[in-house]
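Observations on the model geometry
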2 protein chains.
Amino acid sequence: MSSTPIPASDASFLDVPSDHPFPIQNLPYGIFRPDAQAEPCVGVAIGDHVVDLAALAEAGLFDHDALDADNHPFHADTLNPFMALGRPVWRAARSTVHHLLKSDTATLRDDESLRSRVLHAQDDVTMLLPVEVGDYTDFYSSREHATNIGTMFRGPENALKPNWLHLPVGYHGRASSVVVSGTPIQRPCGQRKPDDDAPPTYGPSQLLDFELEMGFFVGTGNALGTPIQAKDAESHIFGLSLVNDWSARDIQKWEYVPLGPFLGKSFATTVSPWVVPMDALEPFRTDGPEQDPEPLPYLQPNDRANFDIELEVQLQTPEMDAPHTISQTNFNYMYWSMRQQLAHHTVNGCNTRPGDLMASGTISGPTEDSYGSMLELAWRGTKPIQMPDGSERSFLQDGDRVIMRGWAQGNGFRIGLGTTEGVVQPAQPLDA
Amino acid sequence: MSSTPIPASDASFLDVPSDHPFPIQNLPYGIFRPDAQAEPCVGVAIGDHVVDLAALAEAGLFDHDALDADNHPFHADTLNPFMALGRPVWRAARSTVHHLLKSDTATLRDDESLRSRVLHAQDDVTMLLPVEVGDYTDFYSSREHATNIGTMFRGPENALKPNWLHLPVGYHGRASSVVVSGTPIQRPCGQRKPDDDAPPTYGPSQLLDFELEMGFFVGTGNALGTPIQAKDAESHIFGLSLVNDWSARDIQKWEYVPLGPFLGKSFATTVSPWVVPMDALEPFRTDGPEQDPEPLPYLQPNDRANFDIELEVQLQTPEMDAPHTISQTNFNYMYWSMRQQLAHHTVNGCNTRPGDLMASGTISGPTEDSYGSMLELAWRGTKPIQMPDGSERSFLQDGDRVIMRGWAQGNGFRIGLGTTEGVVQPAQPLDA
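Residues numbered from 1 in each chain as written. Chains lettered and ligands numbered in written order. Predicted model: local features only at pLDDT ≥ 70, side-chain atom pairs only at ≥ 80, totals over all residues. Heavy atoms only, no water.

What about the overall build of chain A?
Helix and strand counts for chain A come out as 10 helices and 26 strands. Taken over C-alpha atoms, the radius of gyration comes to 22 Å for chain A, in line with the 22 Å a tight globule of 432 residues would show. Dimensions of chain A, computed from the C-alpha atoms along their principal axes, are close to 70 × 50 × 40 Å. Counting every position in chain A, which comprises 432 residues, the buried fraction comes to 62%. (Helix = DSSP H or I, 4+ residues; strand = E, 2+ residues; numbered from the N terminus. Rg over C-alpha atoms; globule rule 2.2 N^0.38 Å. Buried < 20%, exposed > 50% of the residue type's maximum accessible area, 1.4 Å probe, protein only.)

Here's the deal with the relation of the copies chain B and chain A
The operation relating the two chain copies consists of a rotation about an axis and a shift along that axis. Here chain B sits on chain A after a turn of 180 degrees about the axis and a move of 0.0 Å along it, with an RMSD of 0.0 Å. Within this description, the copies of the chain are treated as partners about a two-fold rotation axis. Every residue of chain B has its C-alpha some distance from the rotation axis, and the shortest such distance is that of Gly260 of chain B, at 2.2 Å. Same-surface contact between copies: 100% of interface residues of chain B are shared with the interface of chain A. (Least-squares fit on C-alpha atoms with pLDDT ≥ 70 in both. Contact = heavy atoms within 4.5 Å.)

Overview of the UniProt feature "binding site: Ca(2+)" (unreviewed entry) in chain A
Residue and element names in this part refer to chain A. Annotation from UniProt places "binding site: Ca(2+)" (unreviewed entry) at Asp138, Glu211, Glu213 and Asp245. These annotated residues cover 108 residues of sequence, but their C-alpha atoms sit close together, with the largest distance between any two at 11.2 Å. Summarising the element assignment, Asp138 is placed in strand β6 (residues 136–139). Aside from chain neighbours lying at most four places away, what touches Asp138 is Gly170, Tyr171, Glu211, Glu213, Asp245, Ala359, Ser360 and Gly361. (UniProt positions renumbered as here; feature names shortened; annotations may be inferred.)

Some words on the sheet that holds strand β21 (residues 324–330) of chain A
Whether parallel or antiparallel, the strands of a sheet pair through hydrogen bonds between backbone atoms. All names here are of chain A. Within the open sheet, the five strands sit side by side as β9-β26-β25-β20-β21. Their pairing is mixed. In the strand order of this sheet, the two ends are held by β9 (185–186) and β21, each with one partner. For strand β20 (residues 310–316) and strand β25 (residues 401–409), the ladder comprises seven bridges, and the chain directions are antiparallel. In the strand pairing of β25, Leu315 is matched with Val402. (Pairing = 2+ DSSP bridges.)

This is the structure:
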């Protein structure tokens, strides 16, 4: 099965503007509920519509044993059954959906009854968490981010820890609290130690932050004891989403030595509802930053393993009518690639499963307006972000809305990652 | 529904010696496969037998709506559906099984046909991983263990980090590699830095260790944003198992700063096949160590929140005919209780789900023969463990078998936690 990208010249019979995130070259997967009574099922975004893959399968339109009407993985409330089927089946499904949506294919275009069963307006459906996340891993793979954090807390000469340039540092995150875009984010309470000379106290986090990340979902996993090698890693990856790894910096700072972040992160992680297939991103491959020292052989090859995906963060305070862009960066800044992350993750024999989420860590670029967290943008509160309504922000306030967007810019089209969005809700402290 | 313990004087019509881990006072749950062709289902251990709860339900012997023949959660390959039903249902099931196994109940005792469907010899069945673990959290709650590790790496004056006495330090572990007792443990490969003055290298871990832990499984979880309070925490806990948190100390040492343990742990975590209900452990409550400073209110009350459970580790080298006990300790040494761990874990609103595993961290006692890891028992290799066959061990060698046991000693009976067992297999390095 070919990995040939869908040509830039292809168009759908559905009208999709050239700056729309979901042209026929994208075809990302999600889980949607057509209406409040209906069962969730697998959908593909095209323009402002969702294609119901379960309905396509029931109409007998998939020409593949694993996808036919009796056997299809699309009547499901997660993408996991489809993800488990592997890349040849993903490509067969993508090829069919592409064919059916093309402007010169009559099957769907000219059959109003079929269209009414298969196509829904995105505005009319509810998007659900697309994947049941077995394990969530968060890496720390942006050199600029790690350097910024290290500089703030340890000074520039010790910014990067000795292991950082040798392996993609990562840690296990909390899978249960991964939520879909739009889920309200309750300000967490917990133990903080704002005064170095006083005991810790309980209360709402005062230093609530976002982290702009990309995440990939494992499609086909590996058995315990059998590593995925770097050269094979991408064939295991189903696709990518945007990730906001919400962080409570005060809780995190007090708890994280020596075992790493825990409650400072586990209250919520937001993912975008659409998972963009690796094949849609193929035209946007690029080389990542030069790696010096040279990584060990198990982390190679790493040529053209990065992806040119523009990213931005917007913030809207309760007083503002529209969001304001506070950061613009790019996924290609990542020092460690997804390929290296997956090879490293499994080099000890650790098994992965369909639906595992591996996030990049905060993505920061080289300039002050390309940092991926408020901690960095406002430099630990010393340079508050100036908002257009005259207010300032060093960390998030109740009612603040955080929106992340990502897209790969093609020639006359863009491959959008969709958005992650969340509004900060007031804390709900326990009674003393 | 009462939490009255099953009286010490009760006996089953099945013969169970007084030092057997599974008397009628215990009744732990597991998942078993009666034979290679059969579907897995829920079982309860009694003496050397397994009671097939699916068969009991099909015989109409459970007098509870949630457990009747049409509706029962026992034809399942995990305990999760049963765990999700909550404590009143757990107690109803336990009460029925207890009644049916009692020496003076004729229902099962005198019905050979029913007995043949319901009772299996443990030797004839295969025990499976009892729970689908959504998230696995590992705490670090033994003061003696944290002090030993801190002393080795930072000296006795800085042994405990500043946060340790204020909160139960913990981190997210890897759920995918939780395996049932008996699963072979392949020595992990990975990146280590044995020589401080040379670059890191790839290869098999040279410092493979075990960690003796207890783990509890969440039964009923909590919604995102709604903490479980300490006073309610135990009603959410389904039961306890033994845990061996296998650790590769060389991989761990090089990777763990600043985000915590990752590949040094994620290659395997072994749990015992039987999950002992909290109600079986009720008679063994005890007060834990005095906590000074006094914990914050959200970590209270903590009276009688510890459990007196004897624990031991045995090691058998390939040259030995029988295992040798190398450590004896007790679960009641834990500084932070399960109640406090669960209250802390959710204080930020983190949700938990049926089947989440929370382990204690290595359990070490105050004496040199009560430490829960080889790192401590052999004090970083400076005091190798002397084995009866004349060999020495500082860390695990290929072929070594590690066995952990636990039991609460009652008056004329013991509540056994069963065993975790694993044999170290040679590494399978990648070709360079």
